[in-house]
Amino acid sequence: MSALTISYCGEQHRVSPTDEFSFGRSGDLAIDENRFLHRVMAVCFFRRGWWWLVNVGAHLPLHLQGIGGTSTITLSPGGSIPLVMGMTTVRFAAGGTSYELEIEADVELEVTHGKAVVPGDTTIDAGSTPLTADQLLLLVALSEPRLRQGPKAELPTNVELMERFGWSVTKFNRKLDNVCLKFSRRGVGGLVGSSERMAQGRRSVLVDYLISSGMVTNEQLSLLPPRPGRTPPRR
């Protein structure tokens, strides 16, 4: 069975899929007595063939980077993400002090036709979450700046996306709401708010998840229509 190894300052913790593991000022890994650090910063657990990391804190973001990677994924409070990068470095800061730990998930992935498959589980790609053609285009267009420029690139506005596809406000909002609901049902946090309080920053959470999990890739950018006012490149 898959196991998770968490390393911090020479200390290692190995977690079985039947357990959960937390870290913060207290928890399974007590990092520091720093009063600016959340008592429980994050929790790791195994679900549906994947190890997940959830930011359960109220204020502090986590910054994730795969080994040898150049891009960083920011996991905001309330967000969750599957640990698909094998070895992941997690960085965060509290009260002017920075911390870093490593999480290694030994789930073996088989890659077939660009899809990551977990043995004994379902295919983890956009196909495992049924999407219409319009929904896929919306996700690729929303992710485009970060695919081309990196994780700090600003996402297109809703108005820019509506103009690009010629959609009405109602049509756009319905499609965005539907895809957020679909991925929320897969366990991605921070996408759906209550009736009293809508989810904040859900577009950024969604894009971080799509790119980190490999559901949206640079190869799919060719599916997009040109932006209004731009001439498509000659082939």
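Everything discussed here concerns the structure shown above.
Residues numbered from 1 in each chain as written. Predicted model: local features only at pLDDT ≥ 70, side-chain atom pairs only at ≥ 80, totals over all residues. Heavy atoms only, no water.

**Describing the environment of Leu-181**
Relative to the helices and strands, Leu-181 resides in helix 3 (residues 169-185). Separated by ten residues in the primary sequence, Leu-181 and Leu-191 place their C-alpha atoms 7.1 Å from one another. (Helix = DSSP H or I, 4+ residues; strand = E, 2+ residues; numbered from the N terminus.)

**Remarks on the packing of helix 3 against helix 4 (residues 202-212)**
Axis separation between helix 3 and helix 4 bottoms out at 11 Å; the angle between their running directions is 55°. The angle between helix 3 and helix 4 falls in the class oblique. For helix 3 against helix 4, the interelement crossing comes out left-handed. Every residue of helix 4 that contacts helix 3 at Leu-176, Asp-177, Val-179, Cys-180 and Phe-183 is listed here: Arg-202, Arg-203, Leu-206, Tyr-209 and Leu-210. Among the residues making up the contact of helix 3 with helix 4, the classes are represented as seven nonpolar, no polar and three charged. (Axes fitted to C-alpha atoms, helices over the stretch in contact; angles between N-to-C directions. Parallel < 35°, antiparallel > 145°, perpendicular 65-115°, else oblique. Left-handed = near helix turned anticlockwise from the far one by under 90°. Contact = heavy atoms within 4.5 Å. Nonpolar A, V, L, I, M, F, W, Y, C, P; charged D, E, K, R; others polar.)

**Let's talk about the sheet that holds strand 5 (residues 42-47)**
Spatially, five strands are ordered 4-3-5-6-9 in an open sheet, and the strand pairing comes out mixed. Lying at the two open borders of the sheet, with one neighbouring strand each, are strand 4 (29-30) and strand 9 (80-82). Where strand 3 (residues 21-24) lies against strand 5, three bridges are found, and the strand directions are antiparallel. Residue pairing in the sheet places Ser-22 in a bridge with Val-43 of strand 5. (Pairing = 2+ DSSP bridges.)

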